[in-house]
Amino acid sequence: MLRNFLSVLLLCVVGMLPAEAQQNLSFGNGTQLVSPEVNADKTVTFRVLAPQAHTVQVTGDFLPPKKISTPQGDYETTGIADMLKDSDGVWTFTSEVLKPELYMYNIIIDGVKVNDPLNVYTIRDINNLFNVFIVGGKHADNYQVQTVPHGTVSKVWYDSPTAGLTRRCTVYTPAGYEGGSDSYPVLYLLHGVGGDENAWSELGRAVQILDNLIAQGKALPMIVVMTNGNISQEAAPGETAEGLKVPTMMLPKTMDGHFETAFPDVIKFVERNYRVKADKAHCAIAGLSMGGFHSLFIAINNPDTFDYVGLFSAAVDKGQKGGVETVYENREQKIDQLFSKHPKLFWIGMGKTDFLYKSNATLRLYLDSKKYPYTYMETEGGHIWRNWRIYLTEYVQLLFR
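What you see as residue numbers is a count from 1 along each chain, following the sequence as written. Under the rules for a predicted model, residues below a pLDDT of 70 receive no local features and side-chain atom pairs below 80 are neither given nor counted, while totals for whole chains, interfaces and linings still include all residues. Remark: hydrogens and water are excluded; side-chain values derive from all non-hydrogen atoms of the structure.

Draft legend 1. Looking closely at helix α8 (residues 357-369). Secondary structure elements follow DSSP: runs of H or I no shorter than four residues count as helices, runs of E no shorter than two count as strands, and numbering proceeds from the N terminus. By definition here, a helix of n residues has an expected span of 1.5 Å times n minus one. For α8, with 13 residues, the first-to-last C-alpha span of 18 Å sits near the 18 Å given by 1.5 Å per residue. Every buried residue of α8 is accounted for by Ser359, Asn360, Leu363, Arg364, Tyr366 and Leu367. The arc that holds the buried residues of α8, viewed along the axis, is 155°, so those residues lie on one side. Seen from the buried face of α8, the exposed residues on the opposite side, beyond 90 degrees, are Lys358, Leu365 and Ser369. Close packing links the buried residues of α8 with β18 (308-312), α7 (331-340), β19 (345-351) and β20 (375-379). Just beyond α8, the residue with positive phi is lysine 371, at close to 60°. Three labels apply to residues, based on accessible area from a 1.4 Å probe with only protein chains included: buried if under 20% of the type maximum, exposed if over 50%, partly exposed otherwise in between. It is the directions from the helix axis to the C-beta atoms that the arc portrays. In what follows, a contact means two residues having at least one pair of non-hydrogen atoms within 4.5 Å.

Draft legend 2. Expanded view of the packing of α7 against α8. Contact pair α7 / α8: the axes reach a minimum separation of 12 Å and the direction vectors enclose 50°. Comparing the axis directions of α7 and α8 gives the class oblique. Crossing of α7 over α8 shows right-handed handedness. Mapping the contact onto sequence places Arg331, Glu332, Ile335, Asp336 and Phe339 in α7 and Leu363, Tyr366 and Leu367 in α8. Residues were grouped as follows: Ala, Val, Leu, Ile, Met, Phe, Trp, Tyr, Cys and Pro as nonpolar; Asp, Glu, Lys and Arg as charged; and all remaining residues, including Gly, as polar. Residues of the contact of α7 with α8, tallied by class, amount to five nonpolar, no polar and three charged. Orientation is described by axes fitted as lines to C-alpha atoms, over the contacting stretch for helices, and by angles from 0 to 180 degrees between their N-to-C directions. Each angle gets one of four labels, with under 35 degrees taken as roughly parallel, over 145 as roughly antiparallel, 65 to 115 as roughly perpendicular, and the rest as oblique. Take the far helix as the reference: if the near one is turned anticlockwise from it by less than a right angle, the crossing is left-handed, and if turned clockwise, right-handed.

Draft legend 3. Highlighting the sheet that holds β18. Any two strands are treated as partners once DSSP identifies two or more bridges connecting them. The strand order β13-β14-β16-β15-β17-β18-β19-β20 describes an open sheet built from eight strands, whose pairing is mixed. Each edge of the open sheet carries a strand with a single partner, namely β13 (152-160) and β20. Going from strand to strand, the sheet's axes swing by 20° on average, the running direction of each strand aside. By the bridge criterion, four bridges tie strand β15 (residues 186-190) to strand β16 (residues 223-226) in an arrangement that is parallel. Bridge assignment links leucine 189 to a residue of β16, and that residue is methionine 226. Across the sheet, helix α4 (residues 206-215) touches β13, β14 (165-173), β15 and β16, and the angle it forms with β14 is around 35°. With respect to the sheet, helix α5 (residues 258-273) is in contact with β13, β14, β15, β16 and β17 (283-288), its orientation differing from that of β13 by roughly 120°.

Draft legend 4. Here's a closer look at the confidence of the model for the protein. For every residue, the predictor assigns a confidence score, pLDDT, that lies between 0 and 100. On average, residues of the protein score 91 in pLDDT, and 91% of them are at 70 or above. Between residues 1-24, whose pLDDT stays under 50, and residues either more than four places distant or in other chains, the model counts 25 contacts.

Draft legend 5. Just the sheet that holds strand β7 (residues 84-85), in detail. Taken together, four strands build an open sheet; the order of strands is β1-β2-β8-β7 and the sheet is antiparallel. Both edges of this open sheet fall to β1 (37-38) and β7, since each of them pairs with a single strand only. Bridging between β1 and strand β2 (residues 44-49) involves two bridges; their strand directions are antiparallel. Within the sheet, the bridge partner assigned to glutamate 37 lies in β2 and is threonine 45.

Draft legend 6. Representation of the environment of histidine 191 within the structure. As for its placement among the helices and strands, histidine 191 is situated in the loop between β15 and α3 (199-202). With 103 residues separating them in the primary sequence, histidine 191 and aspartate 88 have C-alpha atoms 45 Å apart. Contacts of histidine 191, omitting those with residues within four sequence positions, involve Asp196, Glu197, Ala199, Trp200, Thr227, Asn228, Gly229, Asn230, Leu288, Met290 and Gly291. Of the polar contacts made by the side chain of histidine 191, one reaches the backbone nitrogen of glycine 229; its length is 2.7 Å. Think of a polar contact as two N or O atoms within 3.5 Å of one another; within protein, one of them needs to be a possible hydrogen donor and the other a possible acceptor, and neighboring residues in sequence only count if both atoms come from side chains.

Draft legend 7. Just the packing of helix α6 (residues 290-301) against α7, in detail. Two elements in contact, α6 and α7, have axes whose closest approach is 8 Å; the angle formed by their N-to-C orientations is 65°. Our pair here, α6 against α7, has a crossing hand that is left-handed. Contact residues: α6 offers Leu296, Phe297, Ala299, Ile300 and Asn301, while α7 offers Arg331, Lys334, Ile335 and Leu338. Of the residues that constitute the contact of α6 with α7, the class distribution is six nonpolar, one polar and two charged.

Draft legend 8. Structural context of the nonpolar core. Nine residue types can take part in a nonpolar core, namely buried Ala, Val, Leu, Ile, Met, Phe, Trp, Tyr and Cys, and a core is a set of them joined through side-chain atoms within 4.5 Å. Tyr188 and Phe306 are the most contacted members of the largest nonpolar core, which has 50 residues in total. Each residue touching phenylalanine 306, except ones within four places of it in the same chain, is listed here: Tyr188, Phe263, Ile267, Lys280, Cys283, Ala284, Ile285, Ile298 and Ala299. Membership of the second largest hydrophobic core comes to 39 residues, among which are Leu102, Phe130, Val132 and Ala219.

Draft legend 9. Here's a closer look at the pattern of salt bridges. Each reported salt bridge corresponds to a side-chain nitrogen of Lys or Arg within 4 Å of a carboxyl oxygen of Asp or Glu. The final tally for this structure, using the stated rule, is 11 salt bridges. Between arginine 168 and glutamate 239 there is a salt bridge whose closest N-O contact spans 2.5 Å. Placement of the pair is arginine 168 in strand β14 and glutamate 239 in the loop between β16 and α5, with a sequence separation of 71 residues. The class for glutamate 239 is partly exposed, based on a relative accessible area of 34%. If you follow the salt bridges from partner to partner, you end up with Arg168, Glu197 and Glu239 in one network.

Draft legend 10. Fine view of a nonpolar patch on the surface. A cluster of nonpolar side chains, Val193, Met249 and Met250, forms an exposed patch at the surface whose accessible area comes to about 310 Å². By secondary structure assignment, the location of methionine 250 is in the loop between β16 and α5. Residues enter patches when they are more than 30% accessible in relative terms and free of salt bridges; like-charged ones are connected within 9 Å and nonpolar ones (Val, Leu, Ile, Met, Phe, Trp, Tyr) within 5 Å. Values of accessible area rely on a 1.4 Å probe in the Shrake-Rupley scheme; residue burial ignores everything except the protein chains shown.

Draft legend 11. Examining the state of the cysteines more closely. Any pair of cysteine sulfurs within 2.5 Å is marked as a disulfide. Under the criterion given, the structure shown has zero disulfides. Here cysteine 169 stays unpaired: no disulfide links it, and the sulfur of cysteine 283, its closest cysteine neighbor, is 14 Å away. Take cysteine 283: its relative accessible area is 6%, and that puts it in the buried class.

Draft legend 12. Inspection of α5 at higher detail. In this model, α5 (16 residues) spans 24 Å end to end at C-alpha, consistent with the 22 Å of a helix rising 1.5 Å per residue. Buried within α5 we find Phe259, Glu260, Ala262, Phe263, Asp265, Val266, Ile267, Phe269 and Val270. Tucked inside the fold, the buried residues of α5 contact β13, β14, β15, β16, β17 and α6.

Set out below in structure tokens:
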């Protein structure tokens, strides 16, 4: 235990050094210490100065997942790789060649998970904090800030009388909105369980994706409204009068009909305060996991509102009891009603190993039985942000055409 404490204490001291001192951290040959370093061949090198540590590892989604068997069944967890120590006390690991992507990782010092002290770039996912890096190329170039016109991101508070709260959403307006007079189509973009109104703009890179695709002419300029799908919350953890609460997935009223019932409050606010084209042909909704569940039921309970519906790894059959259960009743009849209005796009994305694959396959079987038109995209991997960023990239290019 003392060994673990000393190792972590050393890392903390290194992290507290002034910027000039950190820049002077180096190998024995005087080379500046950098981590992570994306190499020309698309491998990535991680380095940690921890001379007193006995073991140092790196764990992240760039590594092959580790398969674990339990009496309850098999599952996958994030891969772990051992780092090697040199004579200067610098631990190093170089990955295999990586595909273009945004990756998340942590360092493990003598069994204690910490952030990379040489990498200031982090993202919170529920109650975990990860370092991030991007290997550029192909679709991952859309996740980076490019030299293009940029939209504006606002954190906006609105009254939700249905929820009995003042709540917050994140709103993206495209480049040129503030100085112009044009009206724009609107996409309502919903997060998954444990997320909040910050999830898509941070983990999902939605802002960079929209900026880059609009600049390339691959997506039309649009307003994107990223809501907080936890109807019992005013806003993201730590950003309300409740103070610095520990983020958690265990929140009340997440999938019991209350969020769907209150969703018209968001639409009314947006239509009153932004220059949106307030008709079905210029209104889209999409979401991941829980947000895909919400998107489906908001759309089918409001068949005259959305011409574009996107389900990203949607939890289509996970409704809870004890809420506004009428929202989830007669799902197939409501789907029939939605398609009787001839939506322009019904889009489904799913990873091959996603735990929700079977329930989405059942939904697609129903759509096929009715010969309802829809677009389907199947990708490698499971229930992960890597897939959801790809789905958003593909989906927004099809909107409002």
